Structure formats: structure tokens, C-alpha cells
Amino acid sequence: TLFRFDANTVSEIYGDVSTVKKGLQALIDQLTGKRGTTDMELTRYAINLLHLEKALSKTPKVMQQLARQLETTHGKMDYFDLTHDNIIASLAEIYQQYVSPSGAKIMVKGEADFLSQSHNANKIRALLLAGIRSAVLWRQCGGSRWQLLFSRGKYLNTAKELLNTI
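Computed from a predicted model, the values in this text were never measured in an experiment. (Residues numbered from 1 in each chain as written. Predicted model: local features only at pLDDT ≥ 70, side-chain atom pairs only at ≥ 80, totals over all residues. Heavy atoms only, no water.)

**Student:** Would you take a moment to explain the packing of aromatic side chains for this structure?
**Tutor:** Each aromatic ring pair is characterised by the separation of its centres together with the angle its planes make. Summed over the entire model, instances satisfying the criterion amount to 3 aromatic pairs. For the ring pair Trp-146 and Phe-150, a centre distance of 5.7 Å and an interplane angle of 5 degrees mean the geometry is stacked. One end of the pair, Trp-146, and the other, Phe-150, are both in helix H8 (residues 145-150), 4 residues apart, so they sit about a helical turn from each other. Residue classification places Trp-146 among the exposed positions, given a relative accessible area of 57%. (Phe/Tyr/Trp six-rings, centres within 6.5 Å; stacked < 30°, edge-to-face > 60°. Helix = DSSP H or I, 4+ residues; strand = E, 2+ residues; numbered from the N terminus. Buried < 20%, exposed > 50% of the residue type's maximum accessible area, 1.4 Å probe, protein only.)

**Student:** I would appreciate a short explanation of the nonpolar core in the present structure.
**Tutor:** Proteins that are soluble and globular tend to have nonpolar side chains buried together. By size, the foremost hydrophobic cluster in this structure holds 21 residues, and its most contacted members are Leu-70, Leu-91, Val-99 and Leu-129. Listing elements by their share of this core, those giving two or more residues are helix H3 (40-57), helix H4 (60-76), helix H5 (85-99) and helix H7 (118-140). The element contributing the most residues to this core is H5, with 7 residues. In contact with Leu-91, not counting residues within four places along its chain, are Leu-2, Phe-3, Leu-70, Thr-73, Ala-126 and Leu-129. Residues Ile-28, Tyr-155, Leu-156 and Ala-159 belong to the second largest nonpolar core, which totals 7 residues. (Core = buried A, V, L, I, M, F, W, Y, C linked by side-chain atoms within 4.5 Å. Contact = heavy atoms within 4.5 Å.)

**Student:** What's the story with a nonpolar patch on the surface in this structure? I'm lost.
**Tutor:** A cluster of nonpolar side chains, namely Trp-146, Leu-149 and Phe-150, defines an oily patch on the protein surface of about 410 Å² accessible area. Residue class for Phe-150 comes out exposed when judged on its relative accessible area of 66%. (Patch = residues over 30% accessible without salt bridge, like charges linked within 9 Å, V, L, I, M, F, W, Y side chains within 5 Å. Areas by Shrake-Rupley, 256 points an atom, 1.4 Å probe, with all protein chains shown as cover. Salt bridge = Lys/Arg side-chain N within 4 Å of Asp/Glu carboxyl O.)

The structure is reproduced here in C-alpha cells:
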């Protein structure tokens with residue numbers, strides 16, 4: 001999703017519905033409290049990503065610089081696969097340089113031994129950057145933090161309907 005620069009529709013960014021099957025199931029589980037209790041960490045991450053996206057959107061110059069860096073990283077994919085350490089490290093650097101200074105840090109919970117390893121930290125930052133991209137799309141489609149909190153039933157029904165089409 002980070003390298004879909006001129007997409008006109010959501011499906012141009014994510015592909016068809018089958019590519020987000022796992023995410024739809026996770027959303028349904030989160031909204032219904034299935035598989036135990038609702039994971040408040042996931043909710044906290046989502047809210048924090050929306051907060052960071054909002055702070056970033058108030059600085060168009062930073063957003064332009066971020067986009068340029070993503071285009072540069074995309075150019076490296078002529079030589080490296082998306083999951084190559086060089087690409088992941090580049091995405092992590094973009095996150096650290098442009099997203100981290102814009103707002104509160106997202107504290108990821110986990111085993112300190114794993115989180116302190118640079119390749120794991122880079123993967124987490126790259127995933128957080130992808131989360132910011134999704135938050136940008138969410139806002140572009142008219143979404144807000146309040147809608148996420150107060151329209152849970154609507155999102156649950158839509159996610160179920162989409163999952164049934166797969």
C-alpha cells in the first residue's frame with residue numbers, strides 16, 4: 001500500500017477483497033470480542049495511528065518529503081524484493097525521520113529481547129508506516145476516530161458482508 005501513489009479507488013490500493021480477508025476477520029473478532037476479550041492493544045494502536053496521521057496531515061511539507069522518500073524507496077525495488085532488509089530499513093528510516101517527530105510515540109508491547117533487535121524494530125516501524133498509510137486512506141474516505149468508536153455496528157456488518165463475498 002505504501003507504493004500505490006496515484007490510486008483512485010480503495011481497491012487499487014489494497015487489491016480485491018480477498019487480499020484483506022485476514023484483516024476483515026481480525027476486525028470482526030475485535031468488534032465482537034470473539035476469541036476471548038477484545039484486544040485493547042489493537043484499539044490503542046489504531047487510535048494512535050489515526051492521531052499520528054492527523055498530526056502529519058497538518059504539515060503538508062513533511063507529507064511531501066515523506067512521499068518523495070517513499071518514491072525513492074520504491075525505486076530500490078528494481079534491485080531488492082519488498083521484504084528485503086534494505087527496503088524494510090529504508091521504510092523504518094522514513095518512519096523515524098518523518099512520522100516519529102510529528103507526535104506521540106507509539107509504544108509497542110512485546111519481549112524486550114526481540115524488540116531491541118534492529119531488524120525487528122525496522123519491521124515494526126515499516127508496519128507502523130503502512131498503518132499511517134491506511135489511516136490517510138481512512139481519512140480521505142471520510143473516516144474519523146469518532147466514527148470508529150461510534151459506528152462499530154455499521155463497520156461490523158460491512159466487514160461480515162465483505163467477508164461473505166470471498
